[in-house]
Amino acid sequence: MNRNEITKLLEILVANYGKNITDPKTMADSWEMNLGEFSAEAVFKAARLHMASSKYFPNPADIRELIPKAQLVYNSPMLPALDSGK
């Protein structure tokens with residue numbers, strides 16, 4: 001994940017949670033240090049899952065922990081409906 005992608009992610013999170021960031025550069029540095037090794041796709045999916053399930057602004061560790069689950073949730077094909085037997 002590159003710096004521009006981190007910045008975009010933080011903009012989305014700030015808009016979603018209505019949070020004010022007092023030091024945007026340092027925050028972006030921290031997020032880049034913690035999430036830079038992951039693909040943007042994986043991190044954005046984890047952030048999407050976090051926004052769907054939490055009222056609170058995440059820290060990088062929250063997003064990192066959700067990456068495996070988000071890959072499953074957002075990469076799985078829709079399961080067919082169960083046959084009612086009728």
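Structure: above.
Residues numbered from 1 in each chain as written. Predicted model: local features only at pLDDT ≥ 70, side-chain atom pairs only at ≥ 80, totals over all residues. Heavy atoms only, no water.

Trainee: How should I be thinking about the overall build of the protein in this particular structure?
Mentor: A count of helical and extended segments in the protein gives four helices and zero strands. Going through the 86 residues of the protein one by one, you find that 29% of them count as buried. Summarising the internal contacts of the protein: among those between residues at least 6 apart in sequence, 70% fall at separations of at least 24. (Helix = DSSP H or I, 4+ residues; strand = E, 2+ residues; numbered from the N terminus. Buried < 20%, exposed > 50% of the residue type's maximum accessible area, 1.4 Å probe, protein only. Contact = heavy atoms within 4.5 Å.)

Trainee: Honestly, the pattern of salt bridges in this entry has me stumped. Any pointers?
Mentor: Oppositely charged side chains are able to pair whenever their charged atoms sit close together. Applying the stated criterion across every chain yields a total of five salt bridges. Here R3 and D29 are joined by a salt bridge, their closest N and O atoms 2.6 Å apart. Note that R3 is positioned in helix α1 (residues 3-17) and D29 in helix α2 (residues 24-35), a separation of 26 residues in sequence. Given the relative accessible area of 28%, R3 is considered partly exposed. Note on D29: relative accessible area 26%, which makes it partly exposed. Each of R3, K25, D29 and E32 takes part in a single network of salt bridges with overlapping partners. (Salt bridge = Lys/Arg side-chain N within 4 Å of Asp/Glu carboxyl O.)

Trainee: I'm lost on the packing of aromatic side chains in this one. Help?
Mentor: A ring pair, where both rings are aromatic, is described by two values, the distance of the centres and the angle of the planes. A complete count under the given rule lists two aromatic pairs for this structure. Ring centres 5.9 Å apart and planes at 75° place the aromatic pair Y17 and F57 in the edge-to-face group. In this pair, Y17 sits in helix α1 while F57 sits in the loop between α3 (40-53) and α4 (60-75), placing the two residues 40 residues apart along the sequence. Overall, Y17 belongs to the buried group, its relative accessible area being 18%. When the ring of W31 is compared with that of F57, the centres are 6.4 Å apart and the planes differ by 70°; the resulting orientation is edge-to-face. Within this pair, whereas W31 is found in helix α2, its partner F57 is found in the loop between α3 and α4, the two being separated by 26 residues in sequence. Judged by relative accessible area, which is 2%, W31 ranks as buried. For the cation-ring pair, K19 lies above F57, with the distance from its terminal atom to the ring centre recorded as 5.3 Å. (Phe/Tyr/Trp six-rings, centres within 6.5 Å; stacked < 30°, edge-to-face > 60°. Lys NZ or Arg CZ within 6 Å of the ring centre and 35° of its normal.)

Trainee: Teacher, can you tell me more about α2 here?
Mentor: What sets the pattern is the α-helix's 3.6 residues per turn: residues three or four places apart point alike. Between its first and last C-alpha, α2 extends 16 Å over twelve residues, near the 16 Å set by a 1.5 Å rise per residue. Of all the residues in α2, the buried ones are M27, A28, W31 and L35. Viewed end-on, α2 has its buried residues packed into an arc of 95°, placing them on one side of the element. Away from its buried face by more than 90 degrees, α2 exposes K25 and M33. Residues of α2 that are buried make contact with α1, α3 and α4. (Expected span 1.5 Å × (residues − 1). Arc of directions from axis to C-beta.)

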